[in-house]
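What follows is the residue order along each chain.
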Amino acid sequence: MQIRVWSKMAKQPQANPSTSRSSQPGEHGVFSVAFSHRHLLSISQLDQNDIVNLLDRAQAMVPVSRQPRQDHPPLAGKTQINLFFENSTRTQASFEIAGKRLGALVVNMALKTSSINKGETLIDTAVTLNAMQPDVIVVRHASAGAVELLSQKTSCSVINAGDGAHEHPTQALLDALTIRRHKGRISGLTVAICGDVVNSRVARSNLALLGALNVRTRVIAPRQLLPAGIEQLCSEVFTDMNEGLKGVDVVMMLRLQKERSSNALVPSEREYYHFYGLNEQKLKNAKPDAIIMHPGPMNRGVEIDPEIADSERSVITEQVEMGVAVRMAVLDALLNKNTKAMQ
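Each value, and the rule that gives it
Residues numbered from 1 in each chain as written. Predicted model: local features only at pLDDT ≥ 70, side-chain atom pairs only at ≥ 80, totals over all residues. Heavy atoms only, no water. Helix = DSSP H or I, 4+ residues; strand = E, 2+ residues; numbered from the N terminus. Buried < 20%, exposed > 50% of the residue type's maximum accessible area, 1.4 Å probe, protein only. pLDDT = per-residue confidence, 0-100. Contact = heavy atoms within 4.5 Å. Core = buried A, V, L, I, M, F, W, Y, C linked by side-chain atoms within 4.5 Å. Axes fitted to C-alpha atoms, helices over the stretch in contact; angles between N-to-C directions. Left-handed = near helix turned anticlockwise from the far one by under 90°. Nonpolar A, V, L, I, M, F, W, Y, C, P; charged D, E, K, R; others polar. Phe/Tyr/Trp six-rings, centres within 6.5 Å; stacked < 30°, edge-to-face > 60°. Lys NZ or Arg CZ within 6 Å of the ring centre and 35° of its normal. 1 Å grid on protein atoms, 1.4 Å probe; cavity = no way out; pocket = protein on both sides within 12 Å on 5 of 7 lines; lining within 4 Å. Points joined across faces, edges and corners; volume = space filled by probe spheres on them.

For the rest of this paragraph, the subject is unusual backbone geometry. With glycine set apart, most residues show a phi of negative sign, and most peptide bonds adopt trans. For the bond from Gly-296 to Pro-297, the omega torsion is -10°, close enough to zero to count as cis. As for its position among the elements, Pro-297 is in the loop between strand 9 (291–293) and helix 10 (306–309). The phi torsion at Gln-133 lies on the positive side, around 60°, for a residue other than glycine. Positionally, Gln-133 belongs in the loop between helix 3 (122–130) and strand 3 (136–141). For Gln-133, a relative accessible area of 57% gives the class exposed. Positive phi is not limited to glycine here, since Asn-214 has a value of about 65°.

Now the structure itself:
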């Protein structure tokens, strides 16, 4: 089921640079633009208005996430199942926290003790869970396309929390929200995505989202970590880190994915860090106010210098917080069709 579809992903239509927050909540806290989708499976299913809609909802959720819980949360009575076939800390925890902060009953499936280890198929698992009448299933799976397949076998909403090297839509949304909060805009910026691009679902989803919002995207990686057709998906491709970082507003580092055989594609981690690890010298090529991002978990000293990761220009910790806000927004958009912004 591992489907390589990099070269088939069309660029999203460019956004009008003047477009910013068209779906802000109105006088009574109701969003003027409803979210019409049943599932969130990929960024490519969203148009520009959908993306801005979700970013505005997530921005409205930031103060909600920070305040004491409400007496009448909007998703009270809803059931959320987290079904993670791959290890996860940030994504699974943030989806769980997001659901609970909105009042949903959240169930985390313990896959190590489930019937999957007895030979049950993904489809049988989907049918079984669907019979329990959940409202949403959040899925992470090692195979590209697995989450979409599961969505076809259920009557509830399904959210893609990462499927193989295919997509990770909520990560791209939280990255965009973090950028917008720091830069005041997204359109017109230059963003460099650096590292293990060929194995990165984060890179794929970010290229689709940023392309839809009129961002100049650069990809920087050694040739063996660049997927076929990458030139069709971004504005510029570089194999030299210093050249690629010149004048960028955002530096987005990617993890070297050892579990997907990335180590076999590079001579050594030490050599990789020398040429493609982000350090102070390479960062001088970016704009003085450029921010540093990383989806985590980080391989310190492999793709990023620890001092850079912990510097004032790093927004890595804020990305984690925005992940909760974005996942609250997505859950609310899919399940709460009255769609009121929380006060």
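From this point on, the discussion continues.
Turning next to the confidence of the model for the protein chain. Model confidence for the protein chain is summarised by a mean pLDDT of 87, while 84% of its residues fall at 70 or above. In this model residues 1–30 is a low-confidence stretch, pLDDT under 50, and it forms 87 contacts with partners more than four residues away in sequence or in other chains.

Core analysis: the biggest nonpolar cluster contains 90 residues, and Leu-173, Leu-209, Leu-245, Val-251 and Leu-278 have the highest contact counts within it. Residues within four places of Val-251 in sequence aside, it is in contact with Ala-192, Cys-194, Leu-245, Leu-278, Leu-283, Ala-286, Ile-291, Ile-292 and Met-293. Counting 14 residues, the second-largest nonpolar core is a separate cluster that includes Val-139, Val-147, Cys-156 and Val-158.

On to the packing of helix 5 (residues 169–183) against helix 11 (residues 316–335), then. Pairs of packed helices are described in terms of their axes, by the angle between the two and the distance that separates them. Closest axis-to-axis distance for the helix 5/helix 11 pair is 8 Å, and the angle between their directions is 120°. The way helix 5 lies across helix 11 gives a crossing that is right-handed. In this structure, helix 5 uses Thr-170, Gln-171, Leu-173, Leu-174, Asp-175, Leu-177, Thr-178, Arg-181 and His-182 to contact helix 11, whose residues at the interface are Glu-318, Gln-319, Met-322, Gly-323, Val-326, Arg-327 and Val-330. Grouping the constituent residues of the contact of helix 5 with helix 11 by class yields six nonpolar, six polar and four charged.

Let us look at the packing of aromatic side chains. Counted by the stated rule, this structure contains one aromatic pair. A cation over a ring is seen here: Lys-282 above Tyr-273, with NZ or CZ 5.9 Å from the ring centre.

So, about the layout of surface pockets. One number sums up the size of the largest pocket: a volume of about 600 Å³. If you go around the largest pocket, you meet 30 residues; those closest to its centre are Arg-140, Arg-201, Arg-255, Gly-296 and Pro-297. At the level of elements, helix 2 (90–101), helix 5, helix 6 (201–212) and helix 11 are the ones that each hand at least two residues to the lining of the largest pocket. No other element matches helix 11, which puts five residues into the lining of the largest pocket. Looking at side-chain class alone, the lining of the largest pocket contains seven nonpolar, 15 polar and eight charged residues.

Note that Val-250 resides in strand 8 (residues 250–253). Separated by 61 residues in the primary sequence, Val-250 and Leu-189 place their C-alpha atoms 7.9 Å from one another. Aside from chain neighbours lying at most four places away, what touches Val-250 is Ile-179, Thr-190, Val-191, Ala-192, Ile-291 and Met-293.

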